[in-house]
Amino acid sequence: MIRILIVDDHAVVRSGLKLLLDEKYGIHIVGDAADGNEAVRLAQELTPDVVLMDLSMPGGRDGMSATQELKKLLPSTNVLILTMHDDDEYLFRAIHAGASGYILKSAPHEELIIAIQSVAAGDAYLYPTATKRLMLDYLEKVKHGESSDSYETLSEREREVLVWIAKGYANKEIAENLMLSVKTVESHKSHLMDKLGLRTRPDLVRYALKKGLLNFE
């Protein structure tokens, strides 16, 4: 049996998924959680094979940060993102956070079952239209000789924040220089680190040096 922990802030969604999946298709629901904090706690207690994780959970820890924490604490537990966000930025961030799969809530239940089984077996799973879109994007870049570096996914503001951080400036100093709030700078920092798959300031410095982004003149 594939042991599943369901994480979603909507009780109706959790109940519906239990009704659909529990004790069927070789799946057993071991528990459910309403936010990321509860998910991390329950996952450590229940050690599920797969965590079926929503991304947007207002009022609690979101699915992205919960996924990162879970993969640190329970590397053998695989996370399958189940979300309404059909968006490349969310997809890339989820993969960088450690998710093994990404599927939309609008997908037919047969597809969800295949995704769960794939992730439980240690394989990766992306919903079909995302796979096609990523492949076409990759082929287009290859055709034009472009790099597939994740740097290309950063926004202009995220690139600015990256350079300031790499030069050793604190978040407060960056906020003052860019006329942003400290909270906004922290948000940009979190997003760019997710996109680049980096975790610490030294990692950012090394990355910026390799990319030739640092000019101290």
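For the protein, the name recorded in an unreviewed UniProt entry is Response regulator transcription factor, with Paenibacillus albus as its organism.

Participant: Before we go on, may I ask you to explain the overall build of the protein in this structure?
Facilitator: Broken down by element type, the protein carries ten helices and six strands. The burial tally for the protein puts 42% of its 217 residues in the buried class. Considering only intrachain contacts with a sequence separation of at least 6, the fraction spanning at least 24 residues in the protein is 62%. When the accessible surface of the protein is split by element, carbon and sulfur atoms take 54% of a total near 11300 Å².

Participant: So what exactly am I meant to see when it comes to the packing of helix 7 (residues 156-166) against helix 10 (residues 201-210) here?
Facilitator: Two measures define how a pair of helices packs: the angle their axes make with one another and the distance between the axes. Packing of helix 7 against helix 10 brings their axes to within 9 Å, and their N-to-C directions diverge by 105°. Considering their axes alone, helix 7 and helix 10 lie roughly perpendicular with respect to each other. Of the residues in helix 10, those in contact with Leu-162, Ile-165 and Ala-166 of helix 7 are Arg-201, Leu-204, Val-205, Tyr-207 and Ala-208. Residue composition of the contact of helix 7 with helix 10, by class: seven nonpolar, no polar and one charged.

Participant: Would you take a moment to explain the pairing of strand 1 (residues 2-7) for this structure?
Facilitator: Consecutive residues of a regular strand have side chains that alternate between opposite faces of the sheet. When you tally the buried positions in strand 1, you get five out of six residues, the bulk of the element. Once the chain exits strand 1 it traverses helix 1 (residues 11-21) before rejoining the sheet at strand 2 (residues 27-33), and the crossover so formed is right-handed. In terms of strand pairing, strand 1 meets strand 3 (residues 50-53) through four bridges, oriented parallel. Note that in strand 3 the partner of Leu-5 across the bridge is Val-51.

Participant: Sorry, what's going on with the environment of Ser-181 here?
Facilitator: Its place among the elements puts Ser-181 in the loop between helix 8 (171-178) and helix 9 (182-196). Owing to a relative accessible area of 38%, Ser-181 belongs among the partly exposed residues under this scheme. Counting along the chain gives ten residues from Ser-181 to Asn-171, while the straight-line C-alpha distance between them is 9.2 Å. Of the polar contacts made by the side chain of Ser-181, one reaches the side chain of Thr-184; its length is 2.8 Å.

Participant: How do you make sense of the nonpolar core when you look at a structure like this?
Facilitator: Nonpolar side chains tend to gather and get buried jointly when the protein is soluble and globular. Ranked by size, the top nonpolar core spans 24 residues in total, and within it Val-7, Val-51, Met-53, Leu-70, Ile-81 and Tyr-102 carry the most contacts. Those elements that provide at least two residues to this core are strand 1, helix 2 (36-46), strand 3, helix 3 (63-73), strand 4 (78-83), helix 4 (88-97) and strand 5 (101-104). With four residues, helix 2 is the single largest residue contributor to this core. Excluding residues that lie within four positions of it along the chain, Val-51 makes contacts with Leu-5, Val-7, Leu-70, Thr-77, Asn-78, Val-79 and Leu-80.

Participant: Please clarify how the UniProt feature "modified residue: 4-aspartylphosphate" (unreviewed entry) in the protein should be interpreted in this entry.
Facilitator: Feature annotation in UniProt places "modified residue: 4-aspartylphosphate" (unreviewed entry) on Asp-54, given in this structure's numbering. Summarising the element assignment, Asp-54 is placed in the loop between strand 3 and helix 3. The exposure class of Asp-54 is buried, given its relative accessible area of 5%. With sequence-adjacent residues up to four places away left out, Asp-54 is seen in contact with Val-7, Asp-8, Asp-9, Gly-63, Leu-82, Thr-83 and Lys-105.

Definitions and limits used
Residues numbered from 1 in each chain as written. Predicted model: local features only at pLDDT ≥ 70, side-chain atom pairs only at ≥ 80, totals over all residues. Heavy atoms only, no water. Helix = DSSP H or I, 4+ residues; strand = E, 2+ residues; numbered from the N terminus. Buried < 20%, exposed > 50% of the residue type's maximum accessible area, 1.4 Å probe, protein only. Contact = heavy atoms within 4.5 Å. Areas by Shrake-Rupley, 256 points an atom, 1.4 Å probe, with all protein chains shown as cover. Axes fitted to C-alpha atoms, helices over the stretch in contact; angles between N-to-C directions. Parallel < 35°, antiparallel > 145°, perpendicular 65-115°, else oblique. Nonpolar A, V, L, I, M, F, W, Y, C, P; charged D, E, K, R; others polar. Right-handed = clockwise from strand over helix to strand, strands pointing away. Pairing = 2+ DSSP bridges. Polar contact = N/O pair within 3.5 Å; in protein donor to acceptor, adjacent residues only side chain to side chain. Core = buried A, V, L, I, M, F, W, Y, C linked by side-chain atoms within 4.5 Å. UniProt positions renumbered as here; feature names shortened; annotations may be inferred.

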